[in-house]
Amino acid sequence: MEKQAKKLTRKSSARSCHGCTNCRRSKVKCDEQKPICTRCWQKDLHCSSPFQLKWESTYHDRGIAFGRSGLSGKNPPKKEQSLRPPSGSSSTFPKETIWLGTPAIQPWTFVNNDTPFIRRLCEEEQDHGKRRLLPALDAKLAIGEQGTHELVRPFPKLPHLLGRSVSIDEAFIPNLSSSPSLFPSLDQVGNRMLFDYYINQICPRTAHSSLSQSPFASVILPYCLAAPATVLRAIQALAACHWSQYDSKYSTISLRLKSRVLIDFRKIIHVDKKAVVANDPEILVIAMFLCLFDIVDHCNQQWIVHLQGAKDIIRFRRRHQYLTEVNWNKQQDDVSHFVELFFAFQDVMGRTACAKADIFGSSYWQEDDTAINSWMGCSPALVSILFSAMDLSRSRQHIVSNEDQLNFKINATALDNKLEHLKQELHDQEEDQTIYRVAELKRITCIVFLKCALFGGKPSDPAIKTYVREIMSEVFGLHALESACHVIWPLFVAAVELDPLSVELFSNPQTGLMTDGRRLVLELLEEMVKSTVSGISRIRVVVEQVWKARDFNLSKPIEPKQSPIPVLNDWEEYVVPVSDALCLV
């Protein structure tokens, strides 16, 4: 017995599970020293340990033990049986069991077919009783060159916006000779993927919620069905510029496309004089996308140039309509109406920060029009009050007498009362209620702006603090509902009016933790970059500059008032100097 035990001990001690290749080949026990064992070090040999992947199913198919599972020899492994019983053999499955054949799997089986895509198809089939395709992005667009899948926002409203349903066959079998292109000009322009990016990425970022329609899709896309190639190229330039924020290689493409658009734009203006006053809104649409390009490009101040140029074009067109005795309002098409509204609204919202003179005037805003515009996120009546407040704020610098001061206070109080009692309404009561929340948020933000620009309100005022806290809470709620494109201006106003002397803590709905107001603003701006088409990076720079200026001036002594009429109020001292050409839409 002792001899047998010694023999077993000697045999087990000579065994090495992780020995190197040289020791295994020489059948010598390896001491397994790393990075080189003693024997290989003494003999100056290359020491390497072989690793081989072994699959348990392979061993079972061969009828042998896997690893050490069969060392005892009492329960030898049995060969794995197939799930489908052979004919004539006994089976535990019921006789009525139906066996389905396994489909052949090809390399292209999973292309453009992911779980969300199939889920959307099933939901669409249940809702409408027929197969419909919700547009999917190109494979490169869906995951990006760097795998940025979180940037993708599906756009499920495209078939409805285009007025037609797109079948599955049309999507997976493109370029059929018997099926004409939906956008014929794209055959000449090329770069279809950039146009798809505009449809799937730009348009959803300009709607107040996932259930609403964006005019950039419902108005502009139908126009693109027969639009000139320059319009489509301008759209592609905007798409490439926005895409370049996540993939730098599209930056060169965007600049190249923009240069081509500018060349064609100059030719249209200088060669074809009639194009400026023509009913076709081609020039205005191109100017709008060039303006958006510069806004997306870190809010380049050139977007103001396009704004001013669009105003001149509109003025020429209206003069032509007047001279030819054509009623402009009746003849104006939906595209021209939306483009003019786009420029006028950009003008008003940008002026709230920089306090410059208006470009488009007040003719677009009716005081009694309380119906909420879904794209603006508020009613024309609210914009009219905001427009009057900015004009009144500019006139404050020209006050020279007590009578002027009294008239100013009367007008400011009248605007404040009108804003307090403003009731904005929805066109359709069944419309998405999110837009009503957005409109009410902008009304509250307008109150803060009036108190700061007209009544000299400061961040330390209790009323301002209360409004700022309410705005921040509602901005968080709307941002969670994908309404980030409408909360840029409210967030900006609340950010610049945070009190630097008090640590304002706000509840973060996502984490449930109390967070400092400034940190919360920066986190929101970082998130809004992914869900908006605006110059968020420039907005962040301006907000940080206002914070730094306020913090720096805390150490300055408070000077006694020398005049009952202050030279600059808080808004004009801190916000206006750093907000030139700032886009807040």
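The structure presented is a predicted model; accordingly, all values stated were derived computationally and were not measured. (Residues numbered from 1 in each chain as written. Predicted model: local features only at pLDDT ≥ 70, side-chain atom pairs only at ≥ 80, totals over all residues. Heavy atoms only, no water.)

K.L.:
Would you explain the overall build of the chain in this entry?
P.N.:
From N to C terminus, the chain includes 27 helices and two strands. Buried residues in the chain amount to 43% of all 585 residues. A separation threshold of at least 6 residues defines the contact pool for the chain, and within that pool the share at least 24 residues apart is 70%. Element-wise, carbon and sulfur atoms account for 53% of the exposed surface of the chain, whose accessible area totals about 33,500 Å². (Helix = DSSP H or I, 4+ residues; strand = E, 2+ residues; numbered from the N terminus. Buried < 20%, exposed > 50% of the residue type's maximum accessible area, 1.4 Å probe, protein only. Contact = heavy atoms within 4.5 Å. Areas by Shrake-Rupley, 256 points an atom, 1.4 Å probe, with all protein chains shown as cover.)

K.L.:
Can you walk me through the packing of helix 23 (residues 462-480) against helix 24 (residues 488-496) in this structure?
P.N.:
Two measures define how a pair of helices packs: the angle their axes make with one another and the distance between the axes. It is at 9 Å that the axes of helix 23 and helix 24 come closest, and there the two elements cross at 140°. In this view, helix 23 runs oblique relative to helix 24, as classed from their interaxial angle. Handedness of the helix 23/helix 24 crossing: left-handed. Within the contact between the two elements, helix 23 uses V468, I471, M472 and V475 and helix 24 uses P490, L491 and A494. A breakdown of the residues in the contact of helix 23 with helix 24 according to their chemical character gives seven nonpolar, no polar and no charged. (Axes fitted to C-alpha atoms, helices over the stretch in contact; angles between N-to-C directions. Parallel < 35°, antiparallel > 145°, perpendicular 65-115°, else oblique. Left-handed = near helix turned anticlockwise from the far one by under 90°. Nonpolar A, V, L, I, M, F, W, Y, C, P; charged D, E, K, R; others polar.)

K.L.:
Honestly, a nonpolar patch on the surface in this entry has me stumped. Any pointers?
P.N.:
On the surface, a cluster of nonpolar side chains totalling about 300 Å² of accessible area is made up of V503, L505 and M514. Relative to the assigned elements, L505 resides in strand 1 (residues 505-507). Under the relative-accessibility criterion, L505 is labelled partly exposed at 37%. (Patch = residues over 30% accessible without salt bridge, like charges linked within 9 Å, V, L, I, M, F, W, Y side chains within 5 Å. Salt bridge = Lys/Arg side-chain N within 4 Å of Asp/Glu carboxyl O.)

K.L.:
Could you clarify how one ought to interpret empty space enclosed by the protein in this entry?
P.N.:
The full count for this structure, using the stated rule, is six cavities of 30 Å³ or more. The calculated volume of the largest cavity comes to roughly 230 Å³. In this structure, the largest cavity is lined by 21 residues; those nearest its centre are T206, W375, C485, V533 and V585. Taken together, the elements giving at least two residues each to the lining of the largest cavity come down to helix 19 (334-354) and helix 24. In terms of residue count, helix 19 provides more of the lining of the largest cavity than any other element does, four residues in total. (1 Å grid on protein atoms, 1.4 Å probe; cavity = no way out; pocket = protein on both sides within 12 Å on 5 of 7 lines; lining within 4 Å. Points joined across faces, edges and corners; volume = space filled by probe spheres on them.)

K.L.:
What should I look at first to understand the packing of helix 13 (residues 229-243) against helix 14 (residues 249-271) in this one?
P.N.:
At a minimum axis distance of 8 Å, the contact between helix 13 and helix 14 shows a crossing angle of 155°. When the axes of helix 13 and helix 14 are compared, the pair comes out roughly antiparallel. Read as a crossing pair, helix 13 and helix 14 show a hand that is left-handed. Residue-level inspection shows T230, R233, A234, Q236, A237, A240, C241 and W243 of helix 13 in contact with helix 14, the latter providing Y250, I253, S254, L257, K258, R260, V261 and D264. Taken together, the residues of the contact of helix 13 with helix 14 break down into nine nonpolar, three polar and four charged.

K.L.:
Please clarify how the nonpolar core should be interpreted in this entry.
P.N.:
Among soluble globular proteins, nonpolar side chains are generally buried collectively. Ranked by internal contacts, the top residues of the largest apolar core, which has 144 residues, are Y198, F216, F289, F343, W365 and F492. Looking at this core element by element, the count peaks at 13 residues for helix 16 (residues 282-296). Among residues more than four places away in sequence, those in contact with F216 are Y198, C203, T206, L221, M288, F289, L292, F338, F342 and W375. In terms of nonpolar packing, the next biggest core, distinct from the first, is built from six residues, C20, C23, C37 and C40 among them. (Core = buried A, V, L, I, M, F, W, Y, C linked by side-chain atoms within 4.5 Å.)

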